[in-house]
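Coordinate analysis (summary)
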Amino acid sequence: MPANVEIKARIASVDDLLPRATALADEDDHPQLIHQDDTFFRVQHGRLKLRVFADGAGELIHYHRPDALGPKVSDYLITAVADPDSLRDVLERACGLLGRVVKRRVLVLVGQTRIHLDKVEGLGEFLELEVVLRAGQTEAEGTAIAQELLAALGVPAEALISGAYLDLMNDEATPGP
């Protein structure tokens, strides 16, 4: 099963961080703009989301990842979806809806790492690193790569966040005591 080491951080500006990320990018890589609409569903184990792209293509993604600050391993399964709108209706009816996250993502590839610079509707701007673990590669090796990239990008440890964007949206929507 595929796995990656992930780190997520709140940033001041995607536009400010993009030149630093691009400078680290693979020689033939150019930043890609991706629009994503993620719908999350209630499930007993892990997380299940339906991702729809601007062109109407979709993916169903199930993953397990602890909600912790700093690097964490996420194992996942992805399958292409031909009719995401109908599948969303079926999954909402069968599982229940948790929420929706719409974002504009800039993807930059650095070796085995996907740098995501995200503008999330109603939430703000974020950096997400996904170090895709190779066969036989340890979590510690992936964590070291992620930490090196965080340092190269100039992202401080206090900017790190835990959980998914959906969790942050729900936290912000919940009134305090």
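Rules of the game
- Residues numbered from 1 in each chain as written.
- Predicted model: local features only at pLDDT ≥ 70, side-chain atom pairs only at ≥ 80, totals over all residues.
- Heavy atoms only, no water.
- Phe/Tyr/Trp six-rings, centres within 6.5 Å; stacked < 30°, edge-to-face > 60°.
- Helix = DSSP H or I, 4+ residues; strand = E, 2+ residues; numbered from the N terminus.
- Buried < 20%, exposed > 50% of the residue type's maximum accessible area, 1.4 Å probe, protein only.
- Lys NZ or Arg CZ within 6 Å of the ring centre and 35° of its normal.
- Core = buried A, V, L, I, M, F, W, Y, C linked by side-chain atoms within 4.5 Å.
- Contact = heavy atoms within 4.5 Å.
- Salt bridge = Lys/Arg side-chain N within 4 Å of Asp/Glu carboxyl O.
- Polar contact = N/O pair within 3.5 Å; in protein donor to acceptor, adjacent residues only side chain to side chain.
- Pairing = 2+ DSSP bridges.
- Axes fitted to C-alpha atoms, helices over the stretch in contact; angles between N-to-C directions.
- Parallel < 35°, antiparallel > 145°, perpendicular 65-115°, else oblique.
- Left-handed = near helix turned anticlockwise from the far one by under 90°.
- Nonpolar A, V, L, I, M, F, W, Y, C, P; charged D, E, K, R; others polar.

What follows concerns the packing of aromatic side chains. Describing an aromatic ring pair means giving the distance of the ring centres and the angle of the ring planes. Summed over the entire model, instances satisfying the criterion amount to one aromatic pair. Taken together, a centroid distance of 4.9 Å and an interplanar angle of 50° make the contact between Phe126 and Tyr165 tilted. Remark: Tyr165 occurs in helix H4 (residues 165–173) and Phe126 occurs in strand E8 (residues 124–132); sequence separation between them is 39 residues. According to the relative accessible area criterion, Tyr165 is buried, its value standing at 4%. The aromatic ring of Tyr165 is capped on one face by Lys8, whose charged end is 4.1 Å from the ring centroid.

Grouped together as the largest cluster of nonpolar side chains are 25 residues, with contacts concentrated most on Ile115, Leu117, Leu127, Leu153 and Val155. Those elements giving two or more residues to this core turn out to be strand E1 (3–10), helix H1 (14–24), strand E6 (97–110), strand E7 (113–120), E8 and helix H3 (139–153). In this structure, Leu127 is in contact with Ile7, Lys8, Ala9, Ile11, Leu17, Ile115, His116, Leu117, Leu150, Leu153 and Val155, ignoring residues within four places of it in sequence. Within the second largest apolar cluster, 13 residues are counted, among which are Phe40, Ile61, Tyr63 and Tyr76.

Our focus in this paragraph is the pattern of salt bridges. Note that side chains of opposite charge can pair when their charged atoms are close. As enumerated under the stated definition, the model contains twelve salt bridges in all. In this structure, the salt-bridge partner of Arg51 is Asp38, at a minimum N-O distance of 2.8 Å. On the criterion of sequence distance, the pair formed by Arg51 in strand E3 (residues 47–53) and Asp38 in strand E2 (residues 32–41) is long-range, its members being 13 residues apart. Side by side, Arg51 and Asp38 carry an identical accessibility label, which is buried. Between Asp167 and Arg47 there is a salt bridge, with its nearest N and O atoms 2.6 Å apart.

All right, on to the side chain of Ser13 then. Its location among the elements puts Ser13 in the loop between E1 and H1. Ser13 gets classed as buried once you look at its relative accessible area, which sits at 16%. Among the polar contacts listed, one links the side chain of Ser13 to the backbone nitrogen of Asp15, at a separation of 3.2 Å. Side-chain polar atoms of Ser13 contact the backbone nitrogen of Asp16, separated by 3.1 Å.

What follows is about the pairing of E1. If a strand is regular, its side chains alternate between the two faces of the sheet. Across the eight residues that make up E1, a large majority, seven, are buried. With seven bridges joining them, E1 and E8 adopt antiparallel strand pairing. Of the residues in E8, the one forming a bridge with Arg10 is Phe126. Pairing analysis gives two bridges linking E1 to strand E9 (residues 160–161), with the strands arranged antiparallel.

In the contact formed by H1 and H3, the axes pass within 10 Å of each other and the chain directions differ by 130°. By the angle class used here, H1 and H3 are oblique. Seen from above, H1 lies across H3 with right-handed handedness. On H3, the residues touching Leu17, Arg20, Ala21 and Leu24 of H1 are Leu149, Ala152 and Leu153. Of the residues contributing to the contact of H1 with H3, the split by class is six nonpolar, no polar and one charged.

Within the element layout of this structure, Ser86 appears in helix H2 (residues 84–95). A residue is classified by how much of its surface remains accessible, and Ser86, at 37% relative accessible area, is partly exposed. A polar side-chain atom of Ser86 sits 2.8 Å from a polar atom in the side chain of Asp83.

This is a description of form; function is not addressed.
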